[in-house]
Amino acid sequence: MFTDKSQRILPNWDYMPVAYHSRASSVVVSGTDIHRPNGQYANEDGSVDSGPVFGPTKKLDFEMEIGALIGTGNALSQPISVDSADSHVFGFVLLNDWSARDLQSWEWNPLGPFLSKSFATTISPWVVTAAALEPFLCDPICLQDPQPLPYLRSKSIKTYDINLTTSLQTEGQTEVHYSSSVISQSNYKVMYWTLAQQIAHHTSNGCNLLPGDLIGSGTVSGPTHYSSGSLSELSERGTKPITLVDGQRRAFLHDGDEVIIRGSFNICNQNLMEEKDKLHLILLLGWCEDKSVRIGFGECRGRVLHHRQHSPPPFP
């Protein structure tokens, strides 16, 4: 998203699960309102010479993700092997990794995102245990080429077949059935790196994980435009706003937009497979199902509120 247009992705992506360390203090449960964050970003003209500005983000975004909660951790300096990593996972939640893209593009190089991500992360309140998801283990869709380094090679590479859907509804809009405001549909099995590989890499330097630690999957985006897991992807970095169910257009989130992550709803139908440009109450729906069992992830909800005023300190 922030690489040079001549590059497909940065070269390290093929060899390790690229990630960033975050914080637990601003992880919030479904139903918590999110104030538009303030921060530094480049001037409108993109000029570096004129310096950045400080203010509320103009490019607030969502990221549709799965979160994994650690059950049994590891001792400091004792890495977790890729083949034992799954046994350290207690369960899963839906996760919205809110992102301020203008802040992110200004700060991300060289140390990765900071204020552009740390203001809030929303998760669903119900943890679906790893044991409950065992019937939905499957082979990943992506072929890992080049072959991972030895510490990331597993005897049996498995992931989970988890459907995810994102919808968006505008402020003041009469609530519509979520299936009519769907803007994205994807599946966790499209991810290039598995959770086991993420954990193995995370602990490969001896970093210890503790019970309750939360690991985000990264944006769950598939190969089609409709399976993009963020608004910046759907709107192509804001250059092509999408049209919502009520006729409004969005490149990024506006104040009053409500994000809902909801699961266990029977919305499988042909209409969801059509290319749609609809959005404003972000609805992230996650569910797993086979012929006899259907498991949902509950609801993950958050409304975008106006930014808080940032007053400079008084001077005598």
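Along each chain, the written sequence defines residue order, and numbers are assigned to residues from 1. The predicted nature of this model means local features are confined to residues of pLDDT at least 70 and side-chain atom pairs, given and counted, to a pLDDT of 80 or more, with totals for whole chains, interfaces and linings taken over all residues. Side-chain figures throughout are based on the complete set of non-hydrogen atoms in the structure, without hydrogens or water.

Throughout, nonpolar core names a set of buried Ala, Val, Leu, Ile, Met, Phe, Trp, Tyr and Cys residues whose side chains join them through atoms within 4.5 Å. Exposure is judged per residue with a 1.4 Å probe applied to protein chains only, and the accessible area is read against the type maximum: over 50% gives exposed, under 20% gives buried, and values in between give partly exposed. One finds Phe92, Leu133, Ile162, Tyr188, Leu195 and Ile199 to be the most contacted residues of the largest nonpolar core, which totals 47 residues. Comment: elements are numbered from the N terminus, with helices defined as DSSP H or I runs of at least four residues and strands as E runs of at least two. Those elements that provide at least two residues to this core are β6 (64-70), β7 (89-96), α3 (195-202) and α4 (231-234). Filtering out sequence-adjacent residues up to four positions away, tyrosine 188 remains in contact with Ile66, Thr159, Tyr160, Ile162, Leu195, Ser217 and Val220. Residue contacts are defined here by distance: any two heavy atoms, one from each residue, within 4.5 Å place the two residues in contact.

It is worth spelling out the confidence of the model for the protein at this point. Low pLDDT means the predicted atomic positions in that stretch should not be read closely. Each residue carries a pLDDT score, the predictor's confidence in it, ranging from 0 to 100. For the protein, per-residue confidence averages 85 on the pLDDT scale, and residues scoring 70 or more make up 82% of the total. Within the model, pLDDT remains below 50 along residues 263-281, and this stretch shows 78 contacts once partners closer than five positions in the same chain are excluded.

In this analysis, a patch consists of residues with relative accessible area above 30% that form no salt bridge, clustered at 9 Å for like charges and at 5 Å for the nonpolar side chains Val, Leu, Ile, Met, Phe, Trp and Tyr. Using a 1.4 Å probe, accessible areas were evaluated by the Shrake-Rupley method; residue-level cover was limited to the displayed protein chains. Salt-bridge detection follows one rule: a side-chain nitrogen of Lys or Arg within 4 Å of a carboxyl oxygen of Asp or Glu. Residues Tyr15, Leu149 and Tyr151 make up a contiguous nonpolar surface patch of about 280 Å² in total accessible area. Among the structural elements, tyrosine 15 can be located in the segment before β1 (27-29). Since its relative accessible area comes to 42%, tyrosine 15 is described here as partly exposed.

Two rings belonging to Phe, Tyr or Trp (six-membered ring only in the last case) form a pair when the distance between their centres is within 6.5 Å. Interplanar angles under 30 degrees mark stacking, angles over 60 mark edge-to-face geometry, and anything in between is tilted. Across all of its chains, the model carries three aromatic pairs by this definition. Where tryptophan 13 meets tyrosine 192, the ring centres are 6.4 Å apart and the plane angle is 40 degrees; that geometry is what we call tilted. Within this pair, whereas tryptophan 13 is found in the segment before β1, its partner tyrosine 192 is found in the loop between β14 (182-187) and α3, the two being separated by 179 residues in sequence. Residue classification places tyrosine 192 among the buried residues on the basis of a relative accessible area of 14%. Relative to tyrosine 160, the ring of phenylalanine 92 has its centre 5.0 Å away and its plane inclined at 65 degrees; by these criteria the two rings are edge-to-face. Here phenylalanine 92 is found in strand β7, whereas its partner tyrosine 160 is found in strand β12 (residues 159-160), with 68 residues between them in sequence. Across the pair, exposure class does not vary: phenylalanine 92 and tyrosine 160 are buried alike.

Quick look at α3 now. Counting buried positions along α3 gives six out of eight residues, so the element sits mostly inside the fold. Of all the positions in α3, only Leu195, Ala196, Gln197, Gln198, Ile199 and Ala200 are classed as buried.

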